[in-house]
Amino acid sequence: VQLQASGGGLVQAGGSLRLSCAASGRTFSSYGMGWFRQAPGKEREFVAAIGNRGGLTYYTAAVKGRFTISRDNAKNKLYLQMNSLKPEDTAVYYCAAANGPVARLELREYDRWGQGTLVTVSR
């Protein structure tokens, strides 16, 4: 599966953005998917994950209650709805496909990555 993330941009604190990840290939529905982010000078970190059928989701504590991960297997798309954005959410956001159907939390369990989309949250 090949992935392409989009939807990033500049937004004021408290605002919202919706990231999308378009997947090519017929096997999108076979994989758990995740969103990760990497801020300048920091390591890439887990943000959210969803199982292949969308039934189970996981979030890092910093975004729980503000971000929502979802997927549309009919459209081969993954989404991340981000509300109440904070300056500390500023980062390049990456979508990734896990190495199986289950939602995964560890970076090393993902083996397909999109190119990243930049989210900048101003004060």
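Residues numbered from 1 in each chain as written. Predicted model: local features only at pLDDT ≥ 70, side-chain atom pairs only at ≥ 80, totals over all residues. Heavy atoms only, no water.

> Please set out a nonpolar patch on the surface residue by residue, giving values where relevant.
Side chains of Leu56, Tyr58 and Leu105 sit close together on the surface and give an oily, nonpolar patch of about 280 Å² of accessible area. On the secondary structure map, Leu105 appears in the loop between β9 (91–98) and β10 (110–113). (Patch = residues over 30% accessible without salt bridge, like charges linked within 9 Å, V, L, I, M, F, W, Y side chains within 5 Å. Areas by Shrake-Rupley, 256 points an atom, 1.4 Å probe, with all protein chains shown as cover. Salt bridge = Lys/Arg side-chain N within 4 Å of Asp/Glu carboxyl O. Helix = DSSP H or I, 4+ residues; strand = E, 2+ residues; numbered from the N terminus.)

> Go over the environment of Tyr79 with me, naming the residues and quoting the values.
For Tyr79, the position within the fold is in strand β8 (residues 77–82). As for Tyr79 and Ser6, which are separated by 73 residues in sequence, their C-alpha atoms are 9.6 Å apart. The contact partners of Tyr79, leaving out residues within four places of it in the chain, are Arg18, Leu19, Ser20, Trp35, Thr68, Ile69, Ser70, Arg71 and Asp72. (Contact = heavy atoms within 4.5 Å.)

> Explain the sheet that holds strand β1 (residues 2–6) residue by residue, including any values.
Spatially, four strands are ordered β1-β3-β8-β7 in an open sheet, and the strand pairing comes out antiparallel. Each having just a single partner strand, β1 and β7 (67–72) make up the two edges of the open sheet. Direction aside, the axes of adjacent strands within the sheet are offset by 15 degrees on average. Note: β7 against β8, six bridges, orientation antiparallel. Pairing of Asp72 across the sheet is with Lys77, part of β8. (Pairing = 2+ DSSP bridges. Axes fitted to C-alpha atoms, helices over the stretch in contact; angles between N-to-C directions.)

> If you had to explain the side chain of Arg37 to someone new, which residues and values would you point to?
Assignment of secondary structure puts Arg37 in strand β4 (residues 33–38). The class of Arg37 is buried, set by a relative accessible area of 5%. Within the structure, Arg37 has its side chain in polar contact with the side chain of Tyr93 (distance 3.0 Å). In contact with Arg37, not counting residues within four places along its chain, are Glu43, Arg44, Glu45, Val47, Ala62, Val63, Phe67, Glu88, Asp89, Ala91, Val92 and Tyr93. (Buried < 20%, exposed > 50% of the residue type's maximum accessible area, 1.4 Å probe, protein only. Polar contact = N/O pair within 3.5 Å; in protein donor to acceptor, adjacent residues only side chain to side chain.)

> Can you break down the environment of Asn52 residue by residue, with the values?
Inspection of the secondary structure puts Asn52 in the loop between β5 (45–50) and β6 (57–59). Expressed as a C-alpha distance, the spacing of Asn52 and Asn73, which sit 21 residues apart in the sequence, is 8.4 Å. Of note is the side chain of Asn52, whose polar atom sits 3.1 Å from the backbone oxygen of Ser29.

> Go over the pattern of salt bridges with me, naming the residues and quoting the values.
According to the stated counting rule, one finds four salt bridges in the structure shown. In this structure, Glu45 and Arg37 form a salt bridge, with 2.7 Å as the shortest nitrogen-oxygen distance. Exposure remark for Glu45: the relative accessible area of 37% places this residue in the partly exposed category. With a shortest N-O distance of 3.8 Å, Glu109 and Arg104 are connected by a salt bridge. What makes Arg104 partly exposed here is its relative accessible area of 28%. Where salt bridges share partners, they join Arg37, Glu45, Arg66 and Asp89 into one cluster.

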